[in-house]
Amino acid sequence: MDAKRVETISARVDAAVSSPDSVEDELELSAVRHRPEGLEQLEAQTRFSRKELQILYRGFKNECPSGVVNEDTFKDIYAQFFPQGDASTYAHFLFNAFDTDHNGSVSFEDFVMGLSILLRGTVQEKLNWAFNLYDINKDGYITKEEMLDIMKAIYDMMGKCTYPVLKEETPRQHVEIFFQKMDKNKDGVVTIDEFIDCCQNDENIMRSMHLFENVI
Amino acid sequence: MAAGVAAWLPFARAAAIGWMPVANLPMPVAPTEKNKRQDELIILNVSGRRFQTWRNTLDRYPDTLLGSSEKEFFYNEETKEYFFDRDPDVFRSVLNFYRTGKLHYPRYECISSYDEELAFFGIIPEIIGDCCYEEYKDRKRENAERLMDDQEDNKDSKLPNMTFRETMWRAFENPHTSTMALVFYYVTGFFIAISVITNVVETVPCGSAPNQKEVPCGERYTVAFFCMDTACVMIFTVEYLMRLFAAPSRYRFMRSVMSIIDVVAILPYYIGLVMTDNEDVSGAFVTLRVFRVFRIFKFSRHSQGLRILGYTLKSCASELGFLLFSLTMAIIIFATVMFYAEKGSSSSKFTSIPASFWYTIVTMTTLGYGDMVPKTIAGKIFGSICSLSGVLVIALPVPVIVSNFSRIYHQNQRADKRRAQKKARLARIRISKTGSSSAFLHSKRNGLFNEALELTVRPEEQRLSKSTSLLESQHHHLLHCLEKTTVSAHNHEFVDEQCYQQSYLEAGLQTYPSRSPSLSSQDGVTGTCCTRRSKKRHTPLPNASAQAHMHPLTHPHAHQQGLQELSTIHIQPLSTSRSSLNMRVDEPAPLNCQSGQITTAIISIPTPPATTPEGDAHPPAGPAHQNVVKVSAL
């Protein structure tokens, strides 16, 4: 899947031909540009139509001319949607969820894959994705600490000016409620099966999974 | 939310799925997009150059012209594109704003044309990106200063009905406005010079009596010098009192620098009068005489260069302060070093650190009097370091001061140059404008002629005589309608300059010789319509109100005589800045209706009732009298 072609405009070719020169290496101008795979391949891998992919890519490239999003840009973009609070922590978790190959940057393929799951995937896939988001260290279990981090991040996005005023223990209480609901065998962690089971039995959650389907 | 990231909204919404399992309450219903259009390309034709973009790009900023439904007004059905009759070069920046979310200001573009384009497309200039914002603001400020300079020149023009006090103040501030003021200006200048020379000569030793030592002239011819001094001080006092009387704000005047200088210049004399030749205070008295030299600063009212210098020093206050501070630091350091270095040597002049200050200052400014010289080797070494560093420390802030002075000086030069050019420019504009108005009157003549012919002449001949274009004839028809509108007992008509002058002189009204050609209202008649300055709309005043403003100095003929009101009609869509420039801006081509701006001025003289029947045609021509508003068809 990863047919990344990283172009480096540099004297590397020259260096290979001529004798290695440290000065040349220093002057190496590496402009990393990333070109995504062709439209047909992406069409096959995701559930978007050609036109939708075109629209998505245009928006993506407009904001990130170099073709990849690094974490800071990601945080910036996401923060613009939540001006009243601090979205950086949640954006960090989101970034990790999108960056499936964990190389520190989100390319267009990662982006579009994630979106494909979120918008056009089955409920199972969506829940899988959500579990992946909550599981910060990707070990297959959601612990209370991980959940608390996520919860705090979400509440941070709300900012200070809320009604009623958010108190310190609100995230913690919320985590307790979550664990009460999800943790069936009360072992202090939530596994993927417990999670999916529980969500499928919850009507609200099921309904909300279909909320954003017509986003594009 | 920046519209640049509007493209990422779908992503943000999709990512919200991450909150769903955590939520305890049901989510609200998502808004559905009714008649969701496929994104399409739209063509924007700007003066022939075609720009294409996605419709969604333009929709990012819905409060601008292109982003809202306002652009539908410009939609051309046949070519299926949006046509804008604007500058395509500036449009480039505008469209880039939609694409990238950042507005840039191209340096080569004129600031006012750019502002107009932005205003047309509904974009506020404040969102110009950081890269270009400084340049934009600088240019804007420069332009505003330039306009302000031009406006300030207007202040020279005399308003009618100025009180005596205001006239006097104006005479003081601008000596060239009247001969009296000029005389006063030169007289005071002369007396300042006399006073200064007297002070100087007073101390020169005149010839001495045979067995007495040299005596300064002041003591020899005491009476003469005293009379001279008295005369000067009297003149200065009178001048000061007159200025104080005429000043519009006395408190502000008294606080101003020039008035303080005036007071300081004359005070010593009065104090000297009050004090007698007392031994104890004679020392203080002598000191006071020193202040008489301040009279020389009174010259700064007369010399612009001096004022510029003073202004420069004021504006460079921080640099001067820094210079002073760094010099002080260096002096103290070097004085200390020199003192301790020279402490060892015998008969050293460096008796204390303050005593070394003198040496340090003299060395750092490279004066080197030689009254104090170091004798030890260490002293000499440090002395040389001192002189080298002095050069550096002084050389650093000086270029800043110089560049400030140069900038202010050039600004002043520019103002003077513009003022000189303005006269020539206005003369040229006036000539071209009379061209257009005479065209109207010419065609009117022809028109009347044509009307007479219509009855007798065949169509072909008629066509020959209609040489004016359709646009012109429409414009002339409009002016004609206006004439007809302002009907009273007599028809008001556009008249010839000579004819007007003639009838005016007949009326026996005195014209006030006003210097500025831009004046639009007659002295004596109320200047309610001053087109040069007016930025408001004036409707053509009917005769009735004009009569109320008649000059009291009437003449034997009936009440109708005398200058009528001038009125201007402004039809102007946009900014008022254009109206303020209306008198001097443009070439008076035949009316360009598409520009949407019609400014006409109507001057009319009612014909004396006895001599002419109603509606007769004075031989028309272009009124371009100095005191009358020009017919300006923009």
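Rules used in this analysis
Residues numbered from 1 in each chain as written. Chains lettered and ligands numbered in written order. Predicted model: local features only at pLDDT ≥ 70, side-chain atom pairs only at ≥ 80, totals over all residues. Heavy atoms only, no water. Helix = DSSP H or I, 4+ residues; strand = E, 2+ residues; numbered from the N terminus. Buried < 20%, exposed > 50% of the residue type's maximum accessible area, 1.4 Å probe, protein only. Contact = heavy atoms within 4.5 Å. Areas by Shrake-Rupley, 256 points an atom, 1.4 Å probe, with all protein chains shown as cover. UniProt positions renumbered as here; feature names shortened; annotations may be inferred. Expected span 1.5 Å × (residues − 1). Salt bridge = Lys/Arg side-chain N within 4 Å of Asp/Glu carboxyl O. Core = buried A, V, L, I, M, F, W, Y, C linked by side-chain atoms within 4.5 Å. Domains from an automatic or database assignment. pLDDT = per-residue confidence, 0-100. Pairing = 2+ DSSP bridges. Buried area = accessible area lost by both parts, 1.4 Å probe. Polar contact = N/O pair within 3.5 Å; in protein donor to acceptor, adjacent residues only side chain to side chain. Nonpolar A, V, L, I, M, F, W, Y, C, P; charged D, E, K, R; others polar. Patch = residues over 30% accessible without salt bridge, like charges linked within 9 Å, V, L, I, M, F, W, Y side chains within 5 Å.

Colleague: Please clarify how the overall build of chain A should be interpreted in this entry.
Modeller: A tally of regular secondary structure across chain A gives 12 helices and six strands. For chain A, the residues scored as buried account for 42% of the 216 residues in total. Considering only contacts within chain A whose residues lie at least 6 apart along the sequence, 59% involve residues at least 24 apart. As displayed, chain A offers around 11,600 Å² of accessible surface, 54% of which is attributable to carbon and sulfur atoms.

Colleague: Explain the UniProt feature "domain: EF-hand" (unreviewed entry) in chain A here, please?
Modeller: Residue and element names in this part refer to chain A. With numbering aligned to this structure, UniProt lists the feature "domain: EF-hand" (unreviewed entry) at residues 86-121, 122-157 and 170-205. With 72% helix and 8% strand, residues 122-157 has its two end C-alpha atoms placed 28 Å apart. Within the segment residues 170-205, helix and strand shares are 72% and 8% respectively, and the terminal C-alpha atoms sit 21 Å apart.

Colleague: What should I look at first to understand helix α7 (residues 179-202) of chain B in this one?
Modeller: Residues lying three or four places apart along an α-helix face the same way, a consequence of the helix completing one turn every 3.6 residues. The terminal C-alpha atoms of α7 of chain B lie 34 Å apart, and with 24 residues this matches the ideal 34 Å at 1.5 Å per residue to within 8%. Along α7 of chain B, the residues that are buried comprise A181, T188, G189, I192, S195, V196, T198, N199 and E202 of chain B.

Colleague: In this structure, what is going on with the pattern of salt bridges? I would like to understand it.
Modeller: One side chain can pair with another of opposite charge once the charged atoms of both are near each other. Applying the stated criterion across every chain yields a total of 22 salt bridges over all chains. With a closest N to O distance of 3.1 Å, E52 of chain A and R120 of chain A form a salt bridge. On the criterion of sequence distance, the pair formed by E52 of chain A in helix α4 (residues 50-63) and R120 of chain A in helix α7 (residues 108-120) is long-range, its members being 68 residues apart. Taking relative accessible area as the criterion, E52 of chain A reaches 16% and is therefore assigned buried. By relative accessible area, R120 of chain A is classed as partly exposed at 26%. A salt bridge links D262 of chain B to K298 of chain B, with the nearest nitrogen and oxygen atoms 2.7 Å apart. You can see D262 of chain B sitting in helix α11 (residues 257-274) and its partner K298 of chain B sitting in the loop between α12 (279-290) and α13 (304-315), a full 36 residues away along the chain. Summarising the burial analysis for this pair, D262 of chain B and K298 of chain B share the class buried. Among the charged side chains, a network of salt bridges with common partners joins E239, R243, D262, K298 and R301 of chain B.

Colleague: Explain unusual backbone geometry to me, please; I cannot follow it from the model alone.
Modeller: Most peptide bonds adopt trans geometry, and most residues besides glycine take a negative phi value. Residues and elements named next belong to chain B. Not every positive phi belongs to a glycine, and K80 is a case in point at roughly 55 degrees. Relative to the helices and strands, K80 resides in the loop between β3 (75-76) and β4 (81-84). Unlike most non-glycine residues, S347 shows phi in positive territory, near 45 degrees. Mapped onto the elements of the fold, S347 is located in the loop between α14 (317-342) and α15 (353-364).

Colleague: Which parts of the structure should I look at to understand the nonpolar core?
Modeller: Grouped together as the largest cluster of nonpolar side chains are 67 residues, with contacts concentrated most on Y78, L94, M147 and F195 of chain A. With eight residues, helix α9 (residues 144-158) of chain A is the largest single contributor of residues to this core. There are two domains that each give this core at least three residues, and those are domain 1 (3-120) and domain 2 (123-214) of chain A. Not counting residues up to four positions away in its chain, the partners in contact with M147 of chain A are Y134, I142, V175, F178 and F179 of chain A together with V22 of chain B. Counting residues in hydrophobic clusters, the runner-up holds 26 residues, among them L44, F51, L95 and L118 of chain B.

Colleague: How do you make sense of the confidence of the model for chain A when you look at a structure like this?
Modeller: Close inspection of predicted coordinates is inappropriate in any region flagged by low pLDDT. When pLDDT is averaged along chain A, the result is 79; 82% of the residues meet or exceed 70. Under a pLDDT of 50 for its full length, residues 1-15 of chain A has, in the predicted model, 33 contacts with residues more than four places off or in other chains.

Colleague: Would you explain the UniProt feature "transmembrane region" (unreviewed entry) in chain B in this entry?
Modeller: Residues and elements named next belong to chain B. Residues annotated by UniProt as "transmembrane region" (unreviewed entry) correspond here to residues 180-201, 221-241, 253-275, 320-341, 353-369 and 381-402. In residues 253-275, the share of helix is 91% and the share of strand is 0%. The end C-alpha atoms are 29 Å apart. Each end of residues 353-369 is marked by a C-alpha atom, and these two atoms are 18 Å apart; helix forms 71% of the span and strand 0%.

Colleague: Hey, could you run me through the sheet that holds β4 of chain B in this one?
Modeller: For sheets, the rule is that strands pair by backbone hydrogen bonds, running either parallel or antiparallel. Residue and element names in this part refer to chain B. Pairing in this open sheet of four strands is mixed, and the strands run β2-β1-β4-β3 from one edge to the other. Strands at the two margins of the open sheet, each flanked by one partner only, are β2 (49-54) and β3. Alignment of β3 against β4, held across two bridges, turns out to be antiparallel. Bridging from a neighbouring strand, N76 pairs with E81 of β4.

Colleague: So what exactly am I meant to see when it comes to the interface of chain B and chain A here?
Modeller: Where interface size is given, it is often the accessible area lost as the parts come together that is meant. Residue-level contacts link 34 residues of chain B with 46 residues of chain A. Of the roughly 3,400 Å² buried at the junction of chain B and chain A (both faces included), carbon and sulfur atoms supply 69%. Taken together, chain B and chain A are joined by one residue pair in polar contact (both at pLDDT 80 or more). For the side of chain B that touches chain A, the element with the highest residue contribution is helix α1 (residues 9-15) of chain B, accounting for seven residues. Grouping the amino acids of the side of chain B that touches chain A by side-chain chemistry returns 24 nonpolar, five polar and five charged.

Colleague: Would you mind showing me how to read the environment of N56 of chain B here?
Modeller: Residues and elements named next belong to chain B. Take N56: it is sitting in helix α2 (residues 55-59). For N56, a relative accessible area of 44% puts it in the partly exposed group. Along the backbone, N56 and Y98 are 42 residues apart, and their C-alpha atoms lie at a distance of 9.6 Å.

Colleague: How should the side chain of S300 of chain B be read in this particular structure?
Modeller: Residue and element names in this part refer to chain B. Residue position: S300 is located in the loop between α12 and α13. Using a relative accessible area of 11% as the deciding quantity, one classes S300 as buried. Setting aside its immediate chain neighbours within four residues, S300 contacts M258, L306 and R307.

Colleague: Please clarify how a nonpolar patch on the surface should be interpreted in this entry.
Modeller: Residue and element names in this part refer to chain B. A cluster of nonpolar side chains, F226, L267, Y270, I271, L273 and V274, forms an exposed patch at the surface whose accessible area comes to about 540 Å². No other element matches the five residues that α11 contributes to the nonpolar patch. Tracing the backbone shows L267 in helix α11. Residue class for L267 comes out partly exposed when judged on its relative accessible area of 39%.

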